[in-house]
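What follows is the residue order along each chain.
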Amino acid sequence: MEKHERVLVLDFGGQYNQLIARRVRDLNVYCDLKNCDMTVEEIKAYNPIGIIFTGGPNSVYEESSPHVPAEIFSLGIPVLGICYGCQLIAYTLGGEVTHAQTSEYGKREIRVLKKGALFEGVPARSVSWMSHTDYVSRAPEGFEVLADTEAGTCPVAAFGSAEKKIYGVQFHPEVVHTEYGNLVLKNFLYAVCGVKGDWTMSGFVAEQVRALREKIGDKKVLCAMSGGVDSAVAATLIHKAVGNQLVCVFVDHGLLRKYEADEVMEVFRDKLGMNLIKADAGEVFLERLKGVSDPEKKRKIIGEEFIRTFEKEAKKIGAVDYLVQGTIYPDVIESGKGKSAVIKSHHNVGGLPSVVDFKEIIEPLRDLFKDEVRRVGFELGLPRKVVMRQPFPGPGLAIRIMGEVTKEKLETLRDADFIFRDEIAKAGLDEKIWQYFAVITNSPTVGVMGDFRTYENVIALRAVTSVDAMTADWARIPYDVLEKVSNRIVNEVKHANRIVYDVTSKPPATIEWE
Ligand code: XMP
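Here is what the cut-offs are and how they apply
Residues numbered from 1 in each chain as written. Predicted model: local features only at pLDDT ≥ 70, side-chain atom pairs only at ≥ 80, totals over all residues. Heavy atoms only, no water. Helix = DSSP H or I, 4+ residues; strand = E, 2+ residues; numbered from the N terminus. Rg over C-alpha atoms; globule rule 2.2 N^0.38 Å. Buried < 20%, exposed > 50% of the residue type's maximum accessible area, 1.4 Å probe, protein only. Contact = heavy atoms within 4.5 Å. Areas by Shrake-Rupley, 256 points an atom, 1.4 Å probe, with all protein chains shown as cover. Core = buried A, V, L, I, M, F, W, Y, C linked by side-chain atoms within 4.5 Å. Domains from an automatic or database assignment. Buried area = accessible area lost by both parts, 1.4 Å probe. Salt bridge = Lys/Arg side-chain N within 4 Å of Asp/Glu carboxyl O. Polar contact = N/O pair within 3.5 Å; in protein donor to acceptor, adjacent residues only side chain to side chain. Disulfide = S-S within 2.5 Å. Phe/Tyr/Trp six-rings, centres within 6.5 Å; stacked < 30°, edge-to-face > 60°. Lys NZ or Arg CZ within 6 Å of the ring centre and 35° of its normal. Pairing = 2+ DSSP bridges. Axes fitted to C-alpha atoms, helices over the stretch in contact; angles between N-to-C directions. Expected span 1.5 Å × (residues − 1). Left-handed = near helix turned anticlockwise from the far one by under 90°. Nonpolar A, V, L, I, M, F, W, Y, C, P; charged D, E, K, R; others polar.

## Topic: the overall build of the protein chain
Along the protein chain, the regular secondary structure elements total 14 helices and 19 strands. Relative to the 2.2 N^0.38 estimate, which gives 24 Å for 514 residues, the radius of gyration of the protein chain is 26 Å and therefore close to what a compact globule would have. Dimensions of the protein chain, computed from C-alpha atoms along their principal axes, come out at roughly 80 × 60 × 40 Å. Burial status across the protein chain gives 52% buried among its 514 residues. In the protein chain, of all internal contacts separated by at least 6 residues, the share reaching a separation of at least 24 is 75%. Split by element, the accessible area of the protein chain, about 23,400 Å² in all, is 50% carbon and sulfur.

Structure representation (structure tokens):
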């Protein structure tokens, strides 16, 4: 990748750290989110055009809280501290941070006392979003107070020094509730750091295509295509660079949604002209899942069988030089974090490298956030349906069928799920809800149809809003939409006589039922 202007976002553990990074990149400036324990030497080597400290849950007075060496402020690199980051600047440079009796959460009106570069264009009063307990009660010497809150809760809502190019804001400019937050960030980047804004999607695509072409030369590339956004965009980018030197293998495990396998072939093989091989393994997967109802066993079997199927296809293709993975930036960050309890053993293509004969892995999306991957997808001309596709788990419908997976249950689930998706799209909710799908509960109930008793499946509908799948809330789908879905499923789908809607958040539930 060519050298871009880079902003360093130092992560002090705040909830909005990724959001800050995203806002910066939306303002056409490349940035990386790095742990706050980066040394001054490492920062110098990174050579950022500006540094942003994120918020965090700590108090500067606790010994165990993350601190920074004062030297960071004499590197001549502009710094913006947000919330905890703001308090940290004040504390480190000799200002005063005070512990409040009560925390301040939510919207507050802030008053701009001095515009300077940071508040250029921001009106005298505006709404900002606060979330803190400690606050800066006195700015360090040589710094001016730029804003306060009218309520008096925050005597130093912002401070800074034009000369030192160091600023702190107690409020969160990255959240949408802060009316002029984006402008404050923009001012910091463009007016204080002096960025040119050289990070654009079309530039990224053109640059990646050129770099990939150069790197790959006339060599062979292999990609496991799932139809998911990340692998689709990664493969399309590489296809644009080296055409049919790329071979994609799509394992159809027979656990996909209605029409899904055909759609993948239609878009990528027929429309885009990719060299895409489909491995039809539905029967084998069903056979291996026979009699298995434990969720973890199902996941394990599917993961293993997936790798086995892919390996078989890869052997036919023979040795390749590169294996493509659709790793994106949050995956890179996640994998750097500590170990947590295994709730579900996620199945993805992570096990492939061990069974494929290749020299190097290429991850063309590893610098991007999910929404950026989507923008690349649009830039590459992928259909909206593919680019905006909701997340779908590797083990597919098997973990949405409670108990044993059978052909009949798969068919019922596919039809019910199709109706649910259809009605959600018709109601214009498909891009507003993070995930929405049907589940077969494995607990038949009694019903009456015509004059007859029925004893059939309960179908559960699950729909959640989320930003990263780590936490989720059940979606408030209008009753009339739910009514239509329910009516259609019991009328049109075989072996379903009752519909329920899942109203549990994550935690304590998870998004998928298994
Ligand atoms: P849970 O159910 O843990 O799901 O709340 C969180 C997100 O991950 C998806 N998911 C998976 N994705 N392989 C995947 O690639 C898997 O094995 C898997 N299991 C769950 C789930 O759909 C949700 O988006």
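## A word on the nonpolar core
Core analysis: the biggest nonpolar cluster contains 120 residues, and F53, L222, F268, L461, I477 and I489 have the highest contact counts within it. A per-element tally of this core places helix α6 (residues 229-242) first, with nine residues. Other than its neighbours up to four places away in sequence, F268 contacts M225, A232, T236, G273, M274, L276, L382 and V386. Core analysis: the next-biggest nonpolar cluster, separate from the first, contains 38 residues, L27, I82, L118 and V169 among them.

## Topic: the domain arrangement of the protein chain
Splitting the protein chain by domain gives domain 1 (6-192), domain 2 (201-387) and domain 3 (406-501). The C-alpha-based centres of domain 2 and domain 3 are spaced at 28 Å. Facing nine residues of domain 2, the contacting portion of domain 3 comprises nine residues. Carbon and sulfur atoms supply 51% of the area buried between domain 2 and domain 3, which totals about 860 Å² over both sides. Among the residues of domain 2 in contact with domain 3, R257, K258 and L286 are the three that bury the most area, contributing 54% of the side total. Between the two partners, domain 2 and domain 3, sit three salt bridges. Our count for the domain 2 to domain 3 interface comes out at five residue pairs in polar contact (both at pLDDT 80 or more).

## What to know about the state of the cysteines
Across all of its chains, the model carries zero disulfides by this definition. No disulfide involves C248; its sulfur sits 4.4 Å from the nearest other cysteine sulfur, which is in C223.

## Some words on the packing of aromatic side chains
Summed over all chains, the structure comprises 12 aromatic pairs. On the numbers, 5.7 Å between centres and 50° between planes, the contact of F12 with Y84 is tilted. Pair noted here: F12 is in the loop between β1 (6-11) and α1 (17-26) and Y84 is in helix α3 (residues 84-92), with a separation of 72 residues, a long-range link. Consider the rings of F119 and F171, whose centres lie 6.4 Å apart with planes at 50°: the pair is tilted. With F119 in the loop between β5 (96-112) and β6 (125-138) and F171 in the loop between β9 (166-169) and α4 (181-192), this pair connects stretches of sequence that are 52 residues apart. Among the aromatic residues, those joined into a ring-pair cluster are F12, F53, F73 and Y84. Sitting over the face of the ring of Y46, R6 holds its NZ or CZ atom 3.9 Å from the ring centroid. When the ring centre of F418 is taken as reference, the NZ or CZ atom of K258 above it lies at 5.7 Å.

## Details of the sheet that holds strand β8 (residues 158-161)
What holds strands together in a sheet is hydrogen bonding between their backbones, with the strands either parallel or antiparallel. A sheet is described by the order of its strands in space; here nine strands give the open sequence β2-β1-β3-β4-β9-β8-β7-β5-β6, paired in mixed fashion. With partners counted over all chains shown, the strands left at the sheet margins are β2 (30-35) and β6, one partner each. The sheet shows a mean angle of 20° between the axes of neighbouring strands, direction not considered. Lying on the sheet, α1 is in contact with β1, β2, β3 (50-53) and β4 (79-82); it crosses β2 at an angle near 160°. Relative to β4, α4 is tilted by about 170°, and along the sheet it contacts β1, β3, β4 and β9.

## Quick word on α6
The end-to-end C-alpha distance of α6, which contains 14 residues, comes to 20 Å, matching closely the 20 Å that a straight helix rising 1.5 Å per residue would cover. The element α6 is extensively covered by neighbouring structure, given that 13 of its 14 residues are classed as buried. Downstream of α6 by a residue or two, G243 has a phi angle that is positive, lying close to 55°.

## Details of the packing of helix α8 (residues 282-289) against helix α9 (residues 295-317)
Across the interface, α8 lies against α9 with an axial gap of 10 Å and an inter-helix angle of 145°. Of the two possible hands of crossing, α8 and α9 adopt the one that is right-handed. Touching V284, F285, R288 and L289 of α8 are K298, I301, I302, E304, E305, F306, R308 and T309, all from α9. Taken together, the residues that form the contact of α8 with α9 break down as six nonpolar, one polar and five charged.

## Concerning the sheet that holds strand β12 (residues 275-280)
Spatially, β12-β11-β10-β13-β14 is the arrangement adopted by the five strands of the open sheet, whose pairing is parallel. Each end of this open sheet is capped by a strand with a single partner; those strands are β12 and β14 (360-362). Each strand of the sheet is rotated relative to its neighbour by a mean of 25°, with strand direction disregarded. Note that strand β10 (residues 221-224) and strand β11 (residues 246-252) share four bridges and pair parallel. Bridge pairing links L222 to V247 in β11. Its contacts with the sheet place helix α7 (residues 260-271) against β11 and β12, and it is angled at close to 165° to β12.

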